[in-house]
Amino acid sequence: MAELEGFEFGKSDFVLLDEVTMEQFMENLRLRFEKGRIYTFIGEVVVSVNPYKQMDIYGKEVIDAYRGRELYENPPHLYAVADAAYKAMKRRAKDTCIVISGESGAGKTEASKYIMQYIAAITNPSQREEVESVKNVLLKSNCVLEAFGNAKTNRNDNSSRFGKYMDINFNFNGDPTGGHINNYLLEKSRVVQQQAGERNFHSFYQLLRGDTPETLRKLHLKKEPEVYVYTKEGAAVVTGSNDGSCHKAVLSALKVIGFTQDEIDSIYKIIGTILLLGNMEFENDGEAVQLSSADTVSHIAELTATEPESVSKTLLFRTVATGGGEVIEKGHSKQEACFGRDAFAKALYERLFGWIVSRINAVIEVKNYNPALHGKNTVIGVLDIYGFEIFDNNSFEQFCINYCNEKLQQLFIELILRQEQEEYNREGITWQHIDYFNNQIIVDLVEQSHKGIISILDEACLTVGNVTDTVCLESMNTKLGQHPHFTSRKLCPTDKTMEFHRDFRIRHYAGDVTYSVEGFLDKNKDPLFQDFKRLMYNSSDPVLKDMWPDGQLGITEVTKRPLTAATLFKNSIIALVDKLACKEPYYVRCVKPNEMKSAVLFDDARCQHQVAYLGLLENVRVRRAGFAYRQPYARFLQRYKMTCEYTWPNHLMATDREAVEAIVTQHGFEGDVAYGHTKLFVRTPRSLYTLEQERAALIPILVLFLQKVWRGTLARMRCRRMRAIYTIMGCYKRYKVKAHFWEVERRFAGVRSMDDYGKSVEWPTPPAALAEFHAITQHLHRRWRARQIIKNIAPSDMPEVRAKVAALGALAGERSDWGCGRPWERDYLANARDSPQTSANFSRAAKELRGKDQYGQTLFSGSVRMLNWFNNTKDKALLITDKHVYRLDSKKYKVNKRIPLETVTSLSVTSGSDQMVALHTSNQDDFLVYLQRGQLCTNQDRVGELVGTLCDHFRRVRDTDLPVKVSQRGLSVYMSGKQKSITVETKAGQVTPDFRKSRGGYTLFLPQ
Ligand SMILES: Nc1ncnc2c1ncn2[C@@H]1O[C@H](COP(=O)(O)OP(=O)(O)OP(=O)(O)O)[C@@H](O)[C@H]1O
Ligand SMILES: [Mg+2]
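On a predicted model such as this, the values are computed, not experimentally measured, just so you know.

S.K.: I'd like to hear about the site of ligand 1, residue by residue, with values.
M.R.: In the region of ligand 1, 18 residues are neighbours, and S104, K108, T109, S159 and S160 sit closest. Take A106: an N or O atom from its main chain is 3.3 Å from an oxygen atom of ligand 1. Protein coverage of the free-state accessible area of ligand 1, which is 620 Å², stands at 88%. The set of elements that each furnish at least two residues to the shell around ligand 1 consists of α4 (108-122) and β5 (159-160). Ranked by residues supplied to the shell around ligand 1, first place goes to α4 with four residues. Split by residue class, the shell around ligand 1 holds five nonpolar, nine polar and four charged.

Okay, here's the thing in structure tokens:
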């Protein structure tokens, strides 16, 4: 049962029809054809309707879809049957065969090619060279056989005019190792005569139209088929294919198969000989008969590698052995000469075809086969044989062909029924017999010894004397008059569809066929003068000689009559049937939809006729008779388990059979099934159909369910993975933090005992999460370190340290030197070491001043150079206490000027190394001093000390910040409310730094 096809395409298996009637069968067949579904099953049989158009259903993807699958898993297809045959062969080591039947143009040959292509495509996955070459020859052989064995007929542009059975041998691996082709009854009469609108075999036109002028000249041929009697009829007939390109393909295929150039040349010399023979005419010359053209004789002699004299003699005379062992030559009449020529042409072609087949067989036959080494050699046979034929004029060929079809039908019935029966036996099911038409009676009519038609024909041929076709018909009338399937005008005088003394009718299983007995005897006898055989045997062309081994017998040796054509055919068909009967058969039944080769037309009457004679309806009946449908328990369960609550998703019963019983019971089908040993048998298709429908309805729900479960599973998996990722990330982060702590701990463990308290210890780089922590700990460490340093400073040193810290904040980075590295004495005027001569004086004056101004401590004192009002400079003394800023004269230290300390608003210094300081005051009368150095630090900086001390004092005592401005060059000060700018210059010859008036203010000149 096809999985992938909806019911809108009709029923993919005819056993599913509600009722087996011709109407329903035809309706389904037509619907499927119209929907482009050319294949339909009857159980394991494939019914194929010729689509008459290229179908896109043979590609690689389709092959892949069918490879190794069960029949019901895919829509019906040739590939399904090919695969089933291949599987049976490979898995069960069964020999199998695929029998393709149907009338001319129904698509048998195309089907056989697709089947072979499929087998070639699925085998030899390892691309072994020898297997590939076997496959290649098997595939290429089609092209050659079609060129020589096919012709355009009124029914089919590429009609096979021979029967073909091809065995493909496989090794234990299932790879093709060789093959064998059997050919049956080539329609050789076509060589010399064709019906109107038909052609001779393709090979003639291909040679004439496709080969080079050079070759044709060598063969003494002209390129127009019109000029040859044998090809004249078909010269103007149009076919679907191009003879020229086909010829090239054939030549290349011949080479691939392994024909040598000499062999190929010989093949076409024979074709040429036949064409030339056809044009050979005979003239009456008094008593004797003469050949019309000596040239043609010599050309024939050249092409057949014989002597011209022998050729003309053979065409004109026959050798006869007299009773006394004497040999005499007897001249032909004109009629006999023509008959002999045509018989020779037909025989030449027939033997050529036979030789080509045997040559291909020699190439593909399994070589060096050793069962012990290579395992069982299994076979798949493919039979593409002419279907049943009914023409207006039916002759000996149709008789043979229709007999062959009777035999195959017999086999079909026998095998299908037998298999069915065997299966029921195997499964322990009681078999019900059903009636079907058994055509054995017709087979007997044809082939029975002594009584059969063939026997009567043979007898007539053997009878010496003038036995004519009519006499033979009389004999049939006498012997077969009682037979229910035989009739003639004599036996049924009222039937005017038959002629007296000419026609007889056989009621074939496929329909009534009226045969004209004219020519039966000749065709059966198939006489060929021995002289032709001898002529060919004596050819010096080895290929030709090889085709005529019977020519070696001397004239007196030829005693035994050869078997007649009908008997030869009968024997070959019996052998074929025997060969097929021992194999597991698979059937492809081809139906031709119309006579117009149209892709859209479905001719009901024609199709119905074919369905009837192919016995398809019976086939369906047989299939359904007992049980229409059967399947192993496991597979049935697999397919329908979702339709029953006890089996979905899995059953808990002891065996699959019990589970299947549960499904059957749930649906109430108990009365409609039987339980075999391994399979369930379903009697009516309706039950199965119900199950199928239920299944089809459930599938979308199941799909959704599965999708839901699977999506849930995927989401859960994703979630678990994310969680794991976060856990890992968390652990890692914690580890990084801890590792950082450990590292900090390790590095800073001993800082307490270090001289620099860990200043030189490098901090490890913290993880991002610890950036803030890192900043804080660094800060903490710095503070701790500062504490450790400060803790050890004596209280007396603290003011200096604080001042230095303040100076650092105000000047560090701005001024190159600020005297950080030396002790700060502050009160330099009172310092005996700095001012040894004047310190005593100053101390006295300062004491007096302290008494007067009640100041607590001296913040700074020192000698300075100052500007006075008159723009000249004087040495003065600067004293800054915690209350005032004083300008003192430099001798007696008398106060020149005093301002309260709180009026100082800010300080200005330069970034250079000069010692200039401006104390800006709130009343815009600034102090501008140049600090001079005493003995203690002759060239050290005192600006930093002054600035640091004042800043520290303001911060600590007055709780305000004293802004300090550091300028790059020069300062700006107010003097008595006027703004002056002070620039700095170095000057050569300047001994001490000093101010001078300049434009817009003053310039401080510094020594170089
Ligand atoms: N499956 C197919 N797809 C496309 N075209 C097809 C198919 N089968 C058959 N045909 C067409 O039908 C024509 C006749 O088919 P084919 O030669 O296989 O018939 P046949 O049954 O072998 O006839 P005969 O008995 O005369 O040899 C082909 O040449 C092709 O054009
Ligand atoms: Mg064919």
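Anyway, onward from the coordinates.
S.K.: Before we move on, could you go through the sheet that holds strand β21 (residues 873-881) and cite the residues and values that matter?
M.R.: Strand order in the open sheet formed by eight strands is β23-β22-β21-β20-β26-β25-β24-β27, with mixed pairing between adjacent strands. In this open sheet, the two edge strands, each paired with only one partner strand, are β23 (895-900) and β27 (964-967). This sheet shows a mean twist of 30° between the axes of neighbouring strands, independent of strand direction. Against the sheet, helix α30 (residues 839-853) engages β20 (858-867), β21, β22 (884-889) and β23, with an angle of about 140° to β22.

S.K.: Could you give me a rundown of the nonpolar core, with the residues and numbers involved?
M.R.: Formed by 108 residues in total, the largest nonpolar core has its most connected members in F148, Y268 and Y349. The biggest single contributor to this core is helix α13 (residues 334-364), with 14 residues. Ignoring sequence-local partners within four residues, the contact set of Y349 consists of A147, F148, L186, V191, F201, S203, F204, I271 and I274. In terms of nonpolar packing, the next biggest core, distinct from the first, is built from 73 residues, F14, L411, L457 and C461 among them.

S.K.: Just give me the short version of the packing of aromatic side chains, but keep the residues and values in it.
M.R.: As enumerated under the stated definition, the model contains 32 aromatic pairs in all. Here F399 and Y515 contribute two aromatic rings whose centre-to-centre distance is 5.8 Å and whose plane-to-plane angle is 85°, an arrangement assigned as edge-to-face. Of the two residues, F399 sits in helix α15 (residues 396-427) while Y515 sits in strand β15 (residues 511-516), which places them 116 residues apart along the sequence. Across the pair, Y515 and F399 agree in class, each one buried. The side chain of K545 reaches across the aromatic face of Y537, ending 4.2 Å from its centre. The residue whose ring lies beneath K997 is Y1002, and the NZ or CZ to ring-centre distance is 5.4 Å.

S.K.: With reference to specific residues and values, describe the sheet that holds strand β18 (residues 673-675).
M.R.: Hydrogen bonding along the main chain pairs the strands of a sheet, whether they run parallel or antiparallel. What the three strands build is an open sheet, ordered β17-β19-β18; its pairing is antiparallel. Of all the strands in the sheet, the pair left with one neighbour each is β17 (629-632) and β18. The average undirected angle you get between the axes of adjacent strands in this sheet is 20°. Here β18 pairs with strand β19 (residues 679-682) via three bridges, running antiparallel. Residue pairing for β19: V673 is matched across the bridge by V682.

S.K.: Tell me what's going on with the packing of helix α17 (residues 453-462) against helix α18 (residues 469-480), and back it up with residues and numbers.
M.R.: Taken N-terminus to C-terminus, the directions of α17 and α18 make an angle of 140°; their axes are 10 Å apart at the nearest point. Considered as vectors, α17 and α18 are oriented oblique to each other. When you trace α17 past α18, the crossing you get is right-handed. Contacts from I453, I456, L457, E459 and A460 in α17 reach C472, S475, M476, K479 and L480 in α18. Looking at side-chain class alone, the contact of α17 with α18 contains seven nonpolar, one polar and two charged residues.

S.K.: Could you give an account of helix α25 (residues 633-640), naming the residues involved and the relevant values?
M.R.: Residues three or four positions apart in an α-helix share a direction because the helix packs 3.6 residues into each turn. All of the buried residues in α25 are Y633, F636, L637, R639 and Y640. The buried residues of α25 all sit within an arc of 165° when viewed along its axis, so they share a single face.

S.K.: Go over the packing of helix α3 (residues 78-92) against α4, please, and point to the residues and values.
M.R.: Between α3 and α4, whose axes approach to 9 Å, the crossing angle comes to 55°. Judged by the angle between their axes, α3 and α4 are oblique. Once α3 is placed against α4, the crossing between them reads as right-handed. Residues L78, Y79, A82, D83 and Y86 of α3 lie in contact with α4, whose contacting residues are A111, Y114, I115, Y118 and I122.

S.K.: Can you break down helix α31 (residues 943-958) residue by residue, with the values?
M.R.: Given a rise of 1.5 Å per residue, 16 residues ought to cover 22 Å, and the 21 Å separating the end C-alpha atoms of α31 matches this to within 8%. In terms of burial, α31 is a largely internal element, twelve of the 16 residues being buried. Among the residues of α31, those classed as buried are V943, G944, E945, L946, V947, G948, T949, L950, C951, D952, H953 and F954. The first or second residue beyond α31 is D959, which carries a positive phi of 60°.

S.K.: An account of a nonpolar patch on the surface is needed here, citing residue identities and associated values.
M.R.: A surface patch of nonpolar side chains, about 560 Å² in accessible area, is lined by Y732, Y735, F741, W742 and F773. Examining the composition of the nonpolar patch, we find that four residues originate from one element, helix α27 (residues 685-748), more than from any other. Along the chain, W742 falls in helix α27.

S.K.: Run through the coordination of the magnesium ion (ligand 2), naming residues and quoting values.
M.R.: Angles at a metal have ideal values that depend on geometry: 109.5 degrees with four tetrahedral donors, 90 or 180 degrees with six octahedral donors. Within the protein, T109 (OG1) and S160 (OG) serve as the donor atoms for the magnesium ion (ligand 2), at 1.9 to 2.0 Å. Highlighted residues: T109 in helix α4 and S160 in strand β5, separated in sequence by 51 residues.

S.K.: I'd like a rundown of unusual backbone geometry, residues and numbers included.
M.R.: Of the consecutive residues W648 and P649, the connecting peptide bond is found in the cis state with omega at -5°. Structurally, P649 can be placed in the loop between α25 and α26 (656-667). Backbone geometry at N124 places phi at a positive 55°, although glycine is not the residue there. Relative to the elements of secondary structure, N124 occurs in the loop between α4 and α5 (129-149). The backbone of H501 sits at a positive phi, close to 60°, despite the residue not being glycine. Relative to the elements of secondary structure, H501 occurs in the loop between β13 (486-488) and β14 (503-508).

S.K.: Hey, could you go over the pairing of strand β25 (residues 916-921) for me, with residue numbers and the actual values?
M.R.: When you tally the buried positions in β25, you get six out of six residues, the bulk of the element. Along β25, one buried face is formed by M916, A918 and H920 and the opposite face, lined by V917, L919 and T921, is buried too. As paired strands, strand β24 (residues 904-910) and β25 are joined by five bridges and run antiparallel to one another. Residue pairing in the sheet places V909 in a bridge with V917 of β25. Between β24 and β25, which follow one another and run antiparallel, lie five residues. Across four bridges, β25 lies against strand β26 (residues 927-931) in antiparallel orientation. Within the sheet, the bridge partner assigned to M916 lies in β26 and is Y930.

Criteria and thresholds
Residues numbered from 1 in each chain as written. Chains lettered and ligands numbered in written order. Predicted model: local features only at pLDDT ≥ 70, side-chain atom pairs only at ≥ 80, totals over all residues. Heavy atoms only, no water. Near = heavy atom within 4 Å. Polar contact = N/O pair within 3.5 Å; in protein donor to acceptor, adjacent residues only side chain to side chain. Areas by Shrake-Rupley, 256 points an atom, 1.4 Å probe, with all protein chains shown as cover. Helix = DSSP H or I, 4+ residues; strand = E, 2+ residues; numbered from the N terminus. Nonpolar A, V, L, I, M, F, W, Y, C, P; charged D, E, K, R; others polar. Pairing = 2+ DSSP bridges. Axes fitted to C-alpha atoms, helices over the stretch in contact; angles between N-to-C directions. Contact = heavy atoms within 4.5 Å. Core = buried A, V, L, I, M, F, W, Y, C linked by side-chain atoms within 4.5 Å. Buried < 20%, exposed > 50% of the residue type's maximum accessible area, 1.4 Å probe, protein only. Phe/Tyr/Trp six-rings, centres within 6.5 Å; stacked < 30°, edge-to-face > 60°. Lys NZ or Arg CZ within 6 Å of the ring centre and 35° of its normal. Parallel < 35°, antiparallel > 145°, perpendicular 65-115°, else oblique. Left-handed = near helix turned anticlockwise from the far one by under 90°. Arc of directions from axis to C-beta. Expected span 1.5 Å × (residues − 1). Patch = residues over 30% accessible without salt bridge, like charges linked within 9 Å, V, L, I, M, F, W, Y side chains within 5 Å. Salt bridge = Lys/Arg side-chain N within 4 Å of Asp/Glu carboxyl O. Donors = N, O, S within 2.8 Å, 3.2 Å for Na, K, Ca; no water.

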